[in-house]
Amino acid sequence: MTVLRRLDGPTGLRPGDHVCWTFASAEDFSTSVRLYLDEGRRRGEQLLLSGPSEPALLEALVSLPERDELLASGQLAVRVPAEMSDCSAALDPVGRVQAFRREVDAALHRGRSGLRIAADVSALARRELHERRRLHLFERLADAIIGTVPMTALCLYDASLQEDVLRPLNVLHPDQHDGEREPLVHLSGRGPWMSLHGEVDATEADALLRALVDVASAVPGEVVLDLAELEFLDVAGARTLARATRLLAEVGVQLRIVRPRRLVGHCLGLFDVAAEQEVSV
């Protein structure tokens, strides 16, 4: 069962944790990354920090214990992916996630206990809507793989990004740090099988719609959305799922909703959204 967590600090994390972390300043970014990576250093993990500027990333790590030794030994790597340095380069969600799997394999081959990644993804979140769709798909695919390999990920986003940009990204992470906001809902899943966890009310409806449509539209045919772990759904949330069903149908994707709790199913019924009690393959 997925447990949504609001994190007060970037430590105490283990393989399988996938965090959406907002930072308010360069100093805030540096402190968060240093604490997070230092924990991985002490656990013998392979460390990777990525973002749009190598000098800025190295500066952020200036107070990381043994920084230069870690860089020299290869336990710590600092990288600028092409899609972050070149605004004309598009993010390849599948390719990037496959690269993560190779990074994990290489880390284990070198005797590391796992892979710990911190990535400033703000530059990609600032792009146009069609590019942010790729980012949403990437976060969903990354969330799925993180649960299957010894990997921990801290996805960093500038807190100055607009709410309509940050909130769909939050929805795609089970662990969140976004000011004082409590996490309410998480969309997870692999392939055509997705699940909603937590609560969907008027405050999260628009963010869920954006995230769900973006990731489900990349799956041809049928997508199954399991609501067994959705504890609460209000009218705004039910309207969102009804709208998502229509929007996905327009691009040839059938959204099949299964296993809603009684009150959730009742709310869906107000909008003539069909929901099945059993999962059939």
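Residues numbered from 1 in each chain as written. Predicted model: local features only at pLDDT ≥ 70, side-chain atom pairs only at ≥ 80, totals over all residues. Heavy atoms only, no water.

(A) Up close: the overall build of the protein chain. The helix and strand inventory of the protein chain stands at 11 helices and 13 strands. In terms of overall dimensions, the protein chain is globule-like: its C-alpha atoms have a radius of gyration of 19 Å, near the 19 Å expected for 281 residues. C-alpha extents for the protein chain along the principal axes are approximately 60 × 35 × 35 Å. The burial tally for the protein chain puts 53% of its 281 residues in the buried class. Long-range contacts, defined here as pairs at least 24 residues apart, represent 75% of the contacts in the protein chain between residues at least 6 apart. By element, 51% of the accessible surface of the protein chain is carried by carbon and sulfur atoms, the whole surface being about 12600 Å². Computed over 32 positive and 43 negative side-chain charges, the inter-centroid distance for the protein chain is 3 Å. (Helix = DSSP H or I, 4+ residues; strand = E, 2+ residues; numbered from the N terminus. Rg over C-alpha atoms; globule rule 2.2 N^0.38 Å. Buried < 20%, exposed > 50% of the residue type's maximum accessible area, 1.4 Å probe, protein only. Contact = heavy atoms within 4.5 Å. Areas by Shrake-Rupley, 256 points an atom, 1.4 Å probe, with all protein chains shown as cover. Lys, Arg positive; Asp, Glu negative; His and termini not counted. Charge placed at Lys NZ, Arg CZ, Asp CG, Glu CD.)

(B) Fine view of the pairing of strand E10 (residues 221–226). For strand E9 (residues 193–200) and E10, the ladder comprises three bridges, and the chain directions are parallel. Pairing of Trp 193 across the sheet is with Val 224, part of E10. With six bridges connecting them, E10 and strand E12 (residues 253–258) associate as parallel partners. Looking at E12, one finds that Leu 225 is bridged to Ile 257. (Pairing = 2+ DSSP bridges.)

(C) Focus on the packing of helix H8 (residues 163–171) against helix H9 (residues 205–216). Two numbers describe how H8 lies on H9: the axes approach to 8 Å, and their chain directions differ by 65°. Relative to H9, the element H8 is oriented roughly perpendicular. As for the relative orientation of H8 and H9, their crossing is right-handed in sense. Seen from H8, the contacting residues are Arg 167, Pro 168 and Val 171; seen from H9, they are Ala 207, Leu 208, Arg 210 and Ala 211. By residue class, the composition of the contact of H8 with H9 is five nonpolar, no polar and two charged. (Axes fitted to C-alpha atoms, helices over the stretch in contact; angles between N-to-C directions. Parallel < 35°, antiparallel > 145°, perpendicular 65-115°, else oblique. Left-handed = near helix turned anticlockwise from the far one by under 90°. Nonpolar A, V, L, I, M, F, W, Y, C, P; charged D, E, K, R; others polar.)

(D) Layout of helix H10 (residues 235–250). Relative to the 22 Å expected for 16 residues at 1.5 Å per residue, H10 spans 23 Å between its end C-alpha atoms, a close match to the ideal helical length. All of the buried residues along H10 are Ala 236, Gly 237, Ala 238, Thr 240, Leu 241, Ala 242, Ala 244 and Leu 248. For H10, the capping residue at the N-terminal end is Asp 234, with a side-chain oxygen 3.1 Å from the backbone nitrogen of Ala 236. One or two steps after H10, the chain reaches Gly 252, where phi turns positive at roughly 85°. (Expected span 1.5 Å × (residues − 1). Polar contact = N/O pair within 3.5 Å; in protein donor to acceptor, adjacent residues only side chain to side chain.)

(E) Main features of the sheet that holds strand E4 (residues 76–79). Pairing is parallel in the open sheet, where seven strands are placed in the order E1-E7-E2-E6-E5-E3-E4. Each edge of the open sheet carries a strand with a single partner, namely strand E1 (5–6) and E4. The pairing of strand E5 (residues 115–120) with strand E6 (residues 151–158) spans six bridges and is classified as parallel. Directly across from Ala 119, in E6, lies its bridge partner Cys 155. Each of strand E3 (46–50), E4, E5 and E6 touches helix H5 (residues 93–109); the most contacted strand, E5, lies at about 140° to it.

(F) Region of the structure containing the packing of aromatic side chains. The tally for this structure, following the rule as stated, stands at two aromatic pairs. For the ring pair Phe 23 and Phe 29, a centre distance of 5.0 Å and an interplane angle of 65° mean the geometry is edge-to-face. A single burial state applies to Phe 23 and to Phe 29, both of which are buried. Between Phe 100 and Phe 138, the ring centres sit 5.9 Å apart and the planes meet at 55°, which makes this aromatic pair tilted. You can see Phe 100 sitting in helix H5 and its partner Phe 138 sitting in helix H7 (residues 129–146), a full 38 residues away along the chain. (Phe/Tyr/Trp six-rings, centres within 6.5 Å; stacked < 30°, edge-to-face > 60°.)

(G) Spatial organisation of the environment of Arg 259. Here Arg 259 lies in the loop between E12 and helix H11 (262–269). With a relative accessible area of 37%, Arg 259 lands in the partly exposed category. Note: C-alpha distance between Arg 259 and Glu 229 (30 residues apart in sequence) is 8.9 Å.

(H) Local environment of unusual backbone geometry. Phi at Glu 66 is positive, roughly 60°, even though this residue is not glycine. Mapped onto the elements of the fold, Glu 66 is located in the loop between helix H2 (54–60) and helix H3 (67–73). Relative accessible area serves as the criterion here: at 44%, Glu 66 is assigned to the partly exposed category. Despite not being glycine, Asp 272 has its phi angle at roughly 55°, a positive value. The topology assignment puts Asp 272 in the loop between H11 and strand E13 (275–276).

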